[in-house]
Each structure stands twice: as structure tokens, then as C-alpha cells.
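Each chain is listed here by its residues.
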Amino acid sequence: MDLLTIVLLTALPNGLARTPPMGWNSWNHFGCDVSAALIRQTADAMVASGMRDAGYQYVVIDDCWQVARDAAGRILADSLRFPGGIKPLADYVHQKGLKFGIYTDAGRRTCQGRPGTYGHEEQDARSYAEWGVDYVKEDWCNAEGLDAPTQYAKFRDALAAAGRPIVFSICEWGSNRPWEWGPKTGNLWRTTGDIADRWNSMLSILDLSTQYSAVSGPGAWNDPDMLEVGNGGMTDDEYRAHFSLWALMAAPLMAGNDLRDMPGNTREILTNREIIAIDQDSLGVQGTLVGENPPELQTWAKPLKDGSRAVVLFNRSGLATAMTVTWNRIGLRSGPASVRDLWAHADRGVHTGRFSATVQPHAVVMLRVTPAVAP
Ligand code: GLA
């Protein structure tokens, strides 16, 4: 058996996340400044902006919604920021045709010092199921002395026992080789530390995450962290590169910006349906780096269900450069293939054996290459 077959056989059998989860998470833009009003307005904006119709589903509150436990040990939301608790908020998000997610921590306290789930696994899973939660991200702060595979498996089993389908997002930053036990434990697992809204952060996460591509597949995805698109620390070309490469890696696409106040260029990046279709392709293969010569000029490719290939020509250098992809390099026969540019939304004609394009500095050209004859 090859590695992919083993992963498919051992992936968490909760039937969820057959394609990489898509949605929004509060952390990258709002940090601890979360509230019911923000979540409602974000759900509204997800619909109004066309993001829901483009495939975004989960609205996830990250850290800081929780403050304490009651006398019976039940987890309590901040009553000033979440009046009436979490259930009415989940109901509101569901009424919008969206799904609702929440955050906890497998340790004693969350990264921001709020109560963690350690010792309350079944109780918290039951609360989440009662509230109508569809997605839980579980972090790994304040877990000294605990064993990650054991703790995450405990929460996986608690979620299963709670009786509601809940996507399980493991967030231990790649510290305990989650690519080895993640597939049987969660639907996605972070491969690295936190992303920052900077070009170099995005690059380093890309380079780390690609090492584990073989284990990713339907129901069980490597998670190179949430998107920074629209947060202001990169140029639009850099954000297009970030979005293209995350889609090529079949990464979860969790927007991390303020959806309520989104300029048109950001919206166009996040709702590019041709690129979302690459991320969501049902074959579920994580694309990889297939060529780099010279350094900083990279070709990335992802096989798709219909036999075509998604290709990212990625110019990491500071100079506009002509780049060529050969069919050979992306696993196709060298005969004729049609080429479509997924950012220009334009057909580039039928080409035999290769295709060349000029790629701007810190930018990509993203293509779909479809052979005239099946490979
Ligand atoms: C960790 C996680 C982040 C975020 C914060 C919240 O750093 O990796 O994604 O959830 O905690 O405190």
C-alpha cells in the first residue's frame, strides 16, 4: 500500500470536510476583540459579498469568547460580548445558510488565558453540540506534560459521542508531527506556527507545509493556517500568490480579514471561483513544487479530477521574469493541451509541450492545463 492509500483508509470517518473547509475566522484580524455583533455582521457580509455563494461556509469565533466555568463545570461565554450565550448566535449564522464554528484549547487554558478543555472534554463537546456548533478548532497552549495524540483523540471521541457532525480542526502548530496521527484524529491539522501578514511569513509556511503533502486528502487536510488576504501587510500581487498557493495545496480557505469593510480588489481575490475550484477539486490532492530553476522561480502543480493540472508559476524574486512550464514537468504527455489563465479569466489557446508567460515580481500566473487527449 502506498502512503496515500493508508491515509484514505485511516482518515477520520466522520464524513466531513471531503473538500478543504472554507470559511472565516476572527483571529488574524480581530484577535481577542470578538463579539456577537461582529459575528452577525460578518455572517451578513459573507452573504452580501458573494463569499457564501462562492463556497465559504464556516464562520468561526477564535479565542476569547469564553470567560469561566459555572459551578457544574459548564463553559461560559463572555456575557457582555455574547449576551444570551452562543446558541442564538449559531442560530443566526445557520439562518444565513452558513455554518458555525468555535475555538477551544486541549490544555488547561487557551493561548489568551481563557479556560481550556483539559478534563472537560465530554462536557464541552456536549455544550458545543447543544449550541449547534459545526466546527471546532482546538489549540495547544498550556498543555505542558500532556501528550498531543492522546488529548486530541480524547476530544475527537468526545465530539463523536456528542452526536452532532462537527469538523475537528487540530491546532498544535506541527509540534508533535501531526501529519502522522492527524488523519485518524481530525479533519485538518496545522502544520506550522502562526501566519503573519507578511510576505516572508507566507513563504516560510509554504515551504514547510509542502513537505507533508502526501498525507493530505479528502476528510483529512494539512492546514498551513488561515488567510491574510485583505489585512494590509502584502501587496495585491502577493495576496494573489498567497491565495493561489493555498488553493494549489488544497489548504483550508479560512478568510482572516474584515469582511464588513472589504475593498473590491480583496473581494475579487477571495471570490475567484476558478481558483476556488482548484482548491475544492474532488480528487483532493495537495499540489507540490515540481520545478525550481533558477532558485526563486518555482513551478507548482496539482493534478485534478478531470486529468488536467493546476499550475502556479511563482516568481519569488524582485524582477519580472519569463517563465516556462513543460507538460513533462507537470506529469502530462507532451501533446497539445489547452491553457486557461485563472486570474485573467482568459483562454490562452492550445499549446504543444510547453507554455511561457511573464510573471511579475512577488506574483504568480495561475493556469489550468487540460490535455486534448487524456494523460
Ligand atoms: C494560537 C493559534 C492561533 C490563534 C491563537 C489564539 O496562537 O495558533 O491560530 O488561535 O492561538 O490565541
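The following paragraphs examine the structure supplied in this document. Quick caveat: nothing in here was measured; it's all calculated off a predicted structure.

With respect to the nonpolar core
Side chains of nonpolar character tend, in soluble globular proteins, to be buried together. Within the largest apolar cluster, 88 residues are counted, with the highest numbers of intra-cluster contacts made by Trp 65, Phe 100, Phe 243, Trp 246 and Phe 314. Of all the elements, helix H10 (residues 236–248) adds the most residues to this core, at 7 residues. The contacts of Trp 246, once residues within four sequence positions are left out, are Ile 195, Met 202, Ile 205, Leu 206, Pro 224, Asp 225, Leu 227, Ala 251, Pro 252, Leu 253 and Asp 279. Membership of the second largest hydrophobic core comes to 17 residues, among which are Ala 301, Val 325, Val 339 and Val 359.

Details of the packing of aromatic side chains
One pass over the full model with this rule turns up 12 aromatic pairs. Here the aromatic rings of Tyr 152 and Phe 168 are separated by 6.2 Å at their centres, their planes lie at 35 degrees, and the arrangement is tilted. Of the two residues, Tyr 152 sits in helix H7 (residues 148–162) while Phe 168 sits in strand S7 (residues 167–170), which places them 16 residues apart along the sequence. By relative accessible area, Phe 168 is classed as buried at 1%. For the ring pair Phe 155 and Phe 168, a centre distance of 5.6 Å and an interplane angle of 65 degrees mean the geometry is edge-to-face. A residue pair is termed long-range when its members are at least 10 positions apart, and Phe 155 in helix H7 and Phe 168 in strand S7 qualify at 13 residues. The pair formed by Phe 155 and Phe 168 is uniform in burial state, with each residue classed as buried. Taken together, Trp 140, Tyr 152, Phe 155, Phe 168 and Trp 181 form an aromatic cluster joined through their ring pairs.

Focus: the state of the cysteines
Applying the stated criterion to the full structure yields 2 disulfides. The side chain of Cys 32 participates in a disulfide bridge whose partner is Cys 64; the two sulfur atoms lie 1.7 Å from each other. Of this pair, Cys 32 sits in the loop between helix H2 (27–30) and helix H3 (36–48) while Cys 64 is found in the loop between strand S2 (58–60) and strand S3 (66–69), placing the two residues 32 residues apart along the sequence. Residue Cys 32 is classed as partly exposed on the basis of its relative accessible area of 31%. Note on cysteine connectivity: Cys 111 is disulfide-linked to Cys 141, with sulfurs 2.0 Å apart. Taking the torsion about the sulfur-sulfur bond, which here is approximately 90 degrees, the covalent link between Cys 111 and Cys 141 counts as right-handed. Here Cys 111, found in the loop between strand S5 (99–105) and helix H6 (121–131), pairs with Cys 141, found in the loop between strand S6 (135–139) and H7; they are 30 residues apart in sequence, far enough to count as distant.

Comments concerning the sheet that holds strand S1 (residues 22–25)
Pairing is parallel in the open sheet, where 8 strands are placed in the order S9-S8-S7-S6-S5-S2-S1-S10. The open sheet has two edge strands with one neighbour each: strand S9 (221–223) and strand S10 (253–255). Between one strand axis and the next, the sheet turns by 25 degrees as a mean value, whatever way the strands run. Judged from the 3 bridges that link them, S1 and S2 form a sheet pairing that is parallel. Bridge pairing in S2 places Trp 24 opposite Val 59. Its contacts with the sheet place helix H8 (residues 178–185) against S7, strand S8 (188–190) and S9, and it is angled at close to 150 degrees to S8.

Section: the side chain of Gln 123
As for its placement among the helices and strands, Gln 123 is situated in helix H6. The exposure class of Gln 123 is buried, given its relative accessible area of 18%. In this structure the side chain of Gln 123 is engaged in a polar contact, spanning 2.7 Å, whose partner is the backbone oxygen of Ala 72. Looking at Gln 123, its side chain comes within polar contact range of the side chain of His 120, at 2.9 Å. Setting aside chain neighbours within four positions, we find Gln 123 in contact with Arg 69, Ala 72, Gly 73 and Arg 74.

A look at the pairing of S5
Counting buried positions along S5 yields 6 of 7 residues, so the element is predominantly enclosed. Alignment of S5 against S6, held across 5 bridges, turns out to be parallel. Each residue of the ladder has a partner; that of Gly 101, found in S6, is Tyr 135.

Some remarks on the packing of H3 against helix H5 (residues 87–95)
Between H3 and H5, the least distance of the axes is 9 Å, while the angle of their chain directions is 10 degrees. Taken as axis vectors, H3 and H5 run roughly parallel relative to one another. Side by side, H3 and H5 meet where Ala 36, Ile 39, Arg 40, Ala 43 and Asp 44 of the first sit next to Leu 89, Tyr 92 and Val 93 of the second. Across the contact of H3 with H5, the residue classes break down as 6 nonpolar, no polar and 2 charged.

Considerations on the sheet that holds strand S13 (residues 309–315)
The sheet built from 6 strands is open, its strands ordered S11-S12-S13-S18-S15-S16 with antiparallel pairing. Both edges of this open sheet fall to strand S11 (288–292) and strand S16 (346–352), since each of them pairs with a single strand only. Along the sheet, successive strands turn relative to each other by an average axial angle of 30 degrees, direction set aside. Sheet analysis places strand S12 (residues 297–303) next to S13, joined by 7 bridges and oriented antiparallel. Bridging across to S13, Lys 302 finds its partner in Ala 310.

Quick notes on the rules
- Residues numbered from 1 in each chain as written.
- Predicted model: local features only at pLDDT ≥ 70, side-chain atom pairs only at ≥ 80, totals over all residues.
- Heavy atoms only, no water.
- Core = buried A, V, L, I, M, F, W, Y, C linked by side-chain atoms within 4.5 Å.
- Buried < 20%, exposed > 50% of the residue type's maximum accessible area, 1.4 Å probe, protein only.
- Helix = DSSP H or I, 4+ residues; strand = E, 2+ residues; numbered from the N terminus.
- Contact = heavy atoms within 4.5 Å.
- Phe/Tyr/Trp six-rings, centres within 6.5 Å; stacked < 30°, edge-to-face > 60°.
- Disulfide = S-S within 2.5 Å.
- Pairing = 2+ DSSP bridges.
- Axes fitted to C-alpha atoms, helices over the stretch in contact; angles between N-to-C directions.
- Polar contact = N/O pair within 3.5 Å; in protein donor to acceptor, adjacent residues only side chain to side chain.
- Parallel < 35°, antiparallel > 145°, perpendicular 65-115°, else oblique.
- Nonpolar A, V, L, I, M, F, W, Y, C, P; charged D, E, K, R; others polar.

Geometric descriptors of this kind do not, in isolation, establish any biological role.
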